[in-house]
Amino acid sequence: MIHIIIADDHPLFREAIRNATQQQFPEALIAETASLDESLAYIEEHPDVDLVLLDLNMPGMDGLNGIVTLRSTYPDVPVVVLSAEEDKNIVLQSMTYGAVGFITKSMPREKIIAAIEQILDGQAFLPPDIIRRSGSDTSHNRRRENTGIPSEIISSLTRRQLLVFERMAKGESNKQIGYELNIAETTVKAHVSAILRKLKVQNRMKAVLCASAIDFEHYLHRSH
């Protein structure tokens, strides 16, 4: 049985997400909390929680610090930010602080549920439209310095790996990538593993964060 917490201080929003989630996962046990303290107390009593859908602005959160508190107290419980925030930096910082996904409240209900499914399936989720937004040149350069991937490592990726990596960066699941590139999902998984190995990162999320500084067009043209 899937055990989910909807942590948000707006009862109507909690109810809407609960109804949509329950419809998709009829057997799921869904709890509601309205503050960070309530969420921490609930997990203390129910250590089998599979997922926390976390609002950044509810009482006790102190912005992104609430993610850090929750992750450090219960490192085995995956946290997904479900927020009205649509600032790319906040999305990326949330992932850096340990969230496994970021879902915006403006997304259509069916896309929110699809994102939750993707995360429960063990994959990260980032809102593609926000991740595609480019910041200023300064922030772009800063991201490049932060990720610190030497161009020779990107150049060492095969054309197919670059295409897979580009779609990973857009928040697509292995299944979606396989469909778009017309390859088997198992082949996509093999490419993802190879990409992580070449980038020397431990998980998909770190690879996606690195990708925000990569000009894929540049490398794809070179790999022709």
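For the structure, see preceding data.
Model, not experiment: these values are computed from the prediction.

Visitor: Help me out: how do you make sense of the packing of aromatic side chains in this one?
Guide: Two numbers describe a pair of aromatic rings. These are the distance of the centres and the angle of the planes. For the structure shown, the criterion picks out one aromatic pair. With 5.4 Å between their ring centres and 90° between their planes, F165 and F216 make a pair best called edge-to-face. With F165 in helix α9 (residues 159-169) and F216 in helix α13 (residues 216-222), this pair connects stretches of sequence that are 51 residues apart. Directly above the aromatic system of F13 lies the positively charged group of K105, at a separation of 4.4 Å from the ring centroid.

Visitor: Could you clarify how one ought to interpret the sheet that holds strand β4 (residues 79-83) in this entry?
Guide: Strands in a sheet are paired, the pairing made by backbone hydrogen bonds, and the direction either parallel or antiparallel. Ordered by their spatial adjacency, five strands build an open sheet running β2-β1-β3-β4-β5, and the pairing between neighbours is parallel. Lying at the two open borders of the sheet, with one neighbouring strand each, are β2 (29-33) and β5 (101-104). Sheet twist, expressed as the average angle between the axes of neighbouring strands with direction ignored, equals 20°. In the packing of helix α1 (residues 11-24) onto the sheet, the strands contacted are β1 (3-7), β2, β3 (51-54) and β4, and the crossing angle to β2 comes to about 170°. Along the sheet, helix α5 (residues 109-120) contacts β1, β3, β4 and β5; its crossing angle with β5, the most-contacted strand, is approximately 170°.

Visitor: I tried to follow the pattern of salt bridges on my own but got confused; where do I start?
Guide: A pair can form between side chains of opposite charge whenever their charged atoms are brought close. Taken as a whole and judged by the stated rule, the model has four salt bridges. The partner of D8 in a salt bridge is K105, and the shortest N-O contact between them spans 2.7 Å. One end of the pair, D8, is in the loop between β1 and α1; the other, K105, is in the loop between β5 and α5, and 97 residues separate them in sequence. Judged by its relative accessible area of 2%, D8 is buried.

Visitor: Can you help me understand α9 in this one?
Guide: The buried count for α9 comes to eight of eleven residues, which makes it a mostly enclosed element. Of the residues making up α9, those classed as buried are Q161, L162, V164, F165, E166, R167, M168 and A169. Count one or two residues on from α9 and you reach G171, which has phi positive near 85°.

Visitor: Would you mind showing me how to read the layout of surface pockets here?
Guide: Here the largest pocket is characterised by a volume of approximately 530 Å³. If you trace the largest pocket, you find 23 residues lining it, with K111, Q118, F125, P128 and Q176 closest to the centre. Counting residues per element, the ones that place at least two in the lining of the largest pocket are α5, α6 (128-131) and α10 (174-181). Here the lining of the largest pocket takes five residues from α5, the largest share from any one element.

Visitor: So what exactly am I meant to see when it comes to the side chain of Q118 here?
Guide: If you trace the backbone, Q118 turns up in helix α5. Classification of Q118 by relative accessible area gives buried; the value is 10%. Each residue touching Q118, except ones within four places of it in the same chain, is listed here: Q123, A124, F125, G171, E172, S173 and Q176.

Visitor: Just to check I follow, could you spell out the nonpolar core for this structure?
Guide: One recurring pattern in soluble globular proteins is that nonpolar side chains are buried together. In this structure, I5, I43, V52, L54 and L70 are the most contacted members of the largest nonpolar core, which totals 29 residues. Elements with a contribution of two residues or more to this core: β1, α2 (36-45), β3, α3 (65-73), β4, α4 (88-96) and α12 (204-211). Ranked by residue count, the leading element in this core is α2, at four residues. Those residues within four positions of V52 in sequence are excluded, and the remaining contacts are I5, A7, I43, L70, V77, P78, V79 and V80. Residues I154, M168, L199 and V201 belong to the second largest nonpolar core, which totals 24 residues.

Visitor: Is there a simple way to explain the pairing of β5 in this structure?
Guide: Two faces make up the sheet, and in a regular strand the side chains alternate between them. With burial as the criterion, each face of β5 is covered, one bearing G101 and I103 and the other bearing F102 and T104. Crossover β4 to β5 through α4 is right-handed.

About the criteria used
Residues numbered from 1 in each chain as written. Predicted model: local features only at pLDDT ≥ 70, side-chain atom pairs only at ≥ 80, totals over all residues. Heavy atoms only, no water. Phe/Tyr/Trp six-rings, centres within 6.5 Å; stacked < 30°, edge-to-face > 60°. Helix = DSSP H or I, 4+ residues; strand = E, 2+ residues; numbered from the N terminus. Lys NZ or Arg CZ within 6 Å of the ring centre and 35° of its normal. Pairing = 2+ DSSP bridges. Axes fitted to C-alpha atoms, helices over the stretch in contact; angles between N-to-C directions. Contact = heavy atoms within 4.5 Å. Salt bridge = Lys/Arg side-chain N within 4 Å of Asp/Glu carboxyl O. Buried < 20%, exposed > 50% of the residue type's maximum accessible area, 1.4 Å probe, protein only. 1 Å grid on protein atoms, 1.4 Å probe; cavity = no way out; pocket = protein on both sides within 12 Å on 5 of 7 lines; lining within 4 Å. Points joined across faces, edges and corners; volume = space filled by probe spheres on them. Core = buried A, V, L, I, M, F, W, Y, C linked by side-chain atoms within 4.5 Å. Right-handed = clockwise from strand over helix to strand, strands pointing away.

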